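# Report on the structure
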Amino acid sequence: MRIHLFLIIFMTLSIGELPARERMALVIGNADYHFSPLVTATNDARDVAAALRQSGFRVTLKLDVDQQSMESAINQFAQSLHANSEALFYYAGHGAQAKHGERDNYLIPVGSIPNISSAADLRYKTVSASWVLSKMSESASPLKIMILDACRDAPFRGFNRSLRGGLARMPTADGTLIAYATAPNRKTRDHFEVNDRNSPYTKHLLKFMQHPGLTLEQVLKNTRREVKDITDGEQKPWYESSLDGDFYFSGSAAGNTTGNTAGSVEPQFDTSASGASGAELIQPPTAKLTIRSDQYNDQVWLNGKVYGATPVTFDLPLGRYQLKVTKAGFQAYEKWLNVQADMQMKAALERKKKKRSQPTTVPSTSSPSKQGTRISRYIAYDDGTALDTVTGLLWMRCLVGQTWIGSTCTGKAKTFEWEAARTQTANFAGHSDWRIPSIEELRSLVYCSHGKPAYFNNGKPGREEYIAQGHPDNFDWGCQGQPNKDHERPTLLQSVFPTPKWHWLVWSGSPSATYSDYAWYVGFSSGNGSNYGRYGSGHIRLVRGGQ
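Residues numbered from 1 in each chain as written. Predicted model: local features only at pLDDT ≥ 70, side-chain atom pairs only at ≥ 80, totals over all residues. Heavy atoms only, no water.

Let us now look at the sheet that holds strand β16 (residues 312-317). Spatially, β16-β13-β19 is the arrangement adopted by the three strands of the open sheet, whose pairing is mixed. One side of each edge strand has no neighbouring strand; the edge strands of this open sheet are β16 and β19 (343-347). Put simply, the sheet's adjacent strands are angled 25 degrees from each other on average, direction ignored. Pairing of strand β13 (residues 286-293) with β19 involves five bridges; the strand directions are parallel. Within the sheet, the bridge partner assigned to I291 lies in β19 and is M345. (Pairing = 2+ DSSP bridges. Helix = DSSP H or I, 4+ residues; strand = E, 2+ residues; numbered from the N terminus. Axes fitted to C-alpha atoms, helices over the stretch in contact; angles between N-to-C directions.)

Such a bond, covalent and formed between the sulfur atoms of two cysteines, is termed a disulfide. Summed over the entire model, instances satisfying the criterion amount to one disulfide. Across a sulfur-sulfur distance of 2.1 Å, C398 and C409 are joined as a disulfide pair. Looking along the S-S bond of the C398-C409 disulfide, the torsion reads about -100 degrees, which is the left-handed sense. Highlighted residues: C398 in the loop between β24 (394-396) and β25 (403-404) and C409 in strand β26 (residues 409-410), separated in sequence by 11 residues. Residue C398 shares its accessibility class with C409, and that shared class is buried. (Disulfide = S-S within 2.5 Å. Buried < 20%, exposed > 50% of the residue type's maximum accessible area, 1.4 Å probe, protein only.)

The next thing to look at is unusual backbone geometry. Working note: non-glycine residues mostly have negative phi, and peptide bonds are mostly trans. Phi is positive for A140, which is not a glycine, with a value near 65 degrees. Relative to the helices and strands, A140 is located in the loop between α5 (129-138) and β7 (143-149). Backbone geometry at A429 places phi at a positive 55 degrees, although glycine is not the residue there.

The next thing to look at is the packing of helix α6 (residues 200-209) against helix α7 (residues 216-230). Interhelical geometry of α6 versus α7 gives an angle of 140 degrees and a closest axis separation of 9 Å. Overall, the two elements α6 and α7 adopt an arrangement that is oblique. As for how α6 packs across α7, the hand of that crossing is right-handed. Residues P200, Y201, H204, L205, K207, F208 and M209 of α6 form the contact with α7, whose own contacting residues are V219, L220, N222, T223, R225, E226, V227 and I230. Looking at side-chain class alone, the contact of α6 with α7 contains nine nonpolar, three polar and three charged residues. (Parallel < 35°, antiparallel > 145°, perpendicular 65-115°, else oblique. Left-handed = near helix turned anticlockwise from the far one by under 90°. Contact = heavy atoms within 4.5 Å. Nonpolar A, V, L, I, M, F, W, Y, C, P; charged D, E, K, R; others polar.)

Moving on, we get to the environment of T403. Tracing the chain through its elements places T403 in strand β25. Put simply, T403 and G384 are 19 residues apart on the chain and 8.7 Å apart in space, counted from C-alpha to C-alpha. Ignoring anything within four residues of it in the chain, the contact list for T403 reads C398, T408, C409 and T410.

Attention now moves to the nonpolar core. Generally speaking, nonpolar side chains in soluble globular proteins are found buried as a group. Counting residues in each nonpolar core, the largest one holds 68 residues, and the members touching the most others are L52, L88, F89, Y90, Y91 and F249. Excluding its chain neighbours within four sequence positions, the residues that come into contact with F249 are R23, L52, S55, F57, L88, M209, L214, L216 and V219. In this structure, L442, V446, C448 and V506 belong to the second largest nonpolar core, which totals 20 residues. (Core = buried A, V, L, I, M, F, W, Y, C linked by side-chain atoms within 4.5 Å.)

Aromatic ring pairs are described here by two measures, namely the spacing of the ring centres and the angle between the planes. The final tally for this structure, using the stated rule, is four aromatic pairs. A ring pair is formed by F247 and F249, whose centres lie 5.3 Å apart and whose planes are at 90 degrees; its orientation type is edge-to-face. Grouping residues by exposure puts F247 and F249 together as buried. Looking at R377, its charged tip hangs above the ring of Y378, at a distance of 5.8 Å from the centre. (Phe/Tyr/Trp six-rings, centres within 6.5 Å; stacked < 30°, edge-to-face > 60°. Lys NZ or Arg CZ within 6 Å of the ring centre and 35° of its normal.)

Our focus in this paragraph is the sheet that holds β7. Pairing between sheet strands relies on hydrogen bonds along the backbone, with the strands arranged either parallel or antiparallel. Spatially, β2-β1-β3-β7-β9-β10 is the arrangement adopted by the six strands of the open sheet, whose pairing is mixed. Both outer strands of the open sheet, β2 (58-63) and β10 (238-241), are each paired with one neighbouring strand and no more. The sheet shows a mean angle of 10 degrees between the axes of neighbouring strands, direction not considered. Helix-sheet contacts for helix α3 (residues 67-80) involve β1 (22-29), β2 and β3 (85-92), and the interaxial angle to β1 is about 175 degrees.

Let's shift gears to the side chain of S85. By the element assignment, S85 lies in strand β3. Classification of S85 by relative accessible area gives buried; the value is 0%. From its side chain, S85 meets the backbone oxygen of H82 in a polar contact 2.7 Å long. Side chain to side chain, S85 and S141 meet in a polar contact 2.9 Å long. Setting aside anything within four residues of it in sequence, one finds S85 in contact with E22, M24, S141, P142 and L143. (Polar contact = N/O pair within 3.5 Å; in protein donor to acceptor, adjacent residues only side chain to side chain.)

With that out of the way, let us pick up the pairing of β16. The two faces of a sheet get side chains in turn, since along a regular strand they alternate between them. Only one face of β16 is covered, namely the face carrying V312, F314 and L316; the face carrying T313, D315 and P317 is uncovered. Examined bridge by bridge, β13 and β16 share six bridges and lie antiparallel to one another. In the strand pairing of β16, T290 is matched with T313.

Below, the structure written as structure tokens:
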């Protein structure tokens, strides 16, 4: 009897002294790709890293890393894992799937894209997601989580037939969960509002990660439901699991702070704003933005909303904002701001110059009864059209799918594969002869806000040869400068073509002469034009006149 009692006491003490499982995470965000840069990937990684730290993870965060740095970080992460650790790998960036006997997923490091000319190069110039899982499994960690926000269009040209859209399903070993931003072989929505900090998937993943008492599977199911709703069913997050028990980011169902991991830290919540469910205290970082000007009785506009006269101070989540300062009799001061820390701006308003030769409103050449407002080289009409006075083309001010509401565009722009895009037409603003533009016509819309004209070498010598011929170096290669330093994004004149989107791929009607399954587009995020697989998704802006 004494022996049994001793064993019970010994076992109780031993269980109580078991070491807490160590939570380990590697978070990678790649956005700064030369071709097809991403909008939110680094923000997604930063915010996931912050949320994981609040949940008791020891986090390594890597942003915009090349292949060598990415592989080194993964190796170091795998070496730090052990049999009493729980491992989480999160990746936001470009990804691709290709078949080499077995289909595999590849995570695209920054700087790799120019070195990839065929699907076979993916194995050596990128990072295999299966390899990452294998490295995690070698550690004997009892729980391994992989989260991939990487199901975007593959940013390659010339060999798309060997690739498939989105990511492929991957086998899950015991104790493993793999979460994808959308269903297998599907692509995520990669178009965002100008003030969106996170992708739709990561935005809602963060929201539910920080709710106490939700299992990992509940977090992913709630995320799936919300993302499906906001994308009208276009994006359906997916996960596959071979976990035996429950895992909690924030508290267990019983209300303790450990979930299935002892020693983790539960974040605090402020319930004053949302009742019993709790509003997260963990908010995206903010910064103060103070706006002044050299005039009195002006008006400050931020993202299209007026906030009164200067000086005005905002407390904003980090991100991009559209600033406008106006006053009667003065030119509007307009600028895109990348708010990453406390900052102050002083707007210098210039008085409008009176030009006898150019009235404020001029009649449209296509409809004498209409009146329009001169904005730079365009005459912008209230019916949702704009006349380019240089080319003589009349453009729709909105993308196909959006609606003109008298002063701006609203609604979600539609996406099309090229074959469907080139046949699109419309009855709009009293005209039925709208069509998709040629690549030369579409490129004429590129607006480099730093003042240099965009230069495209289609049918012209290359840039160095062009300069060597004695031409001035006063152009920009498709507005390829650094955003917020050399130019602003998008590379469109926003007062003429207003839109809540900034990372665009817009189809032209011009097929590629080199690749039979490619066509030309302009990416108005950078102003660069190139060719793209015809089955890829793109937007359309229709035009009339010319040709």
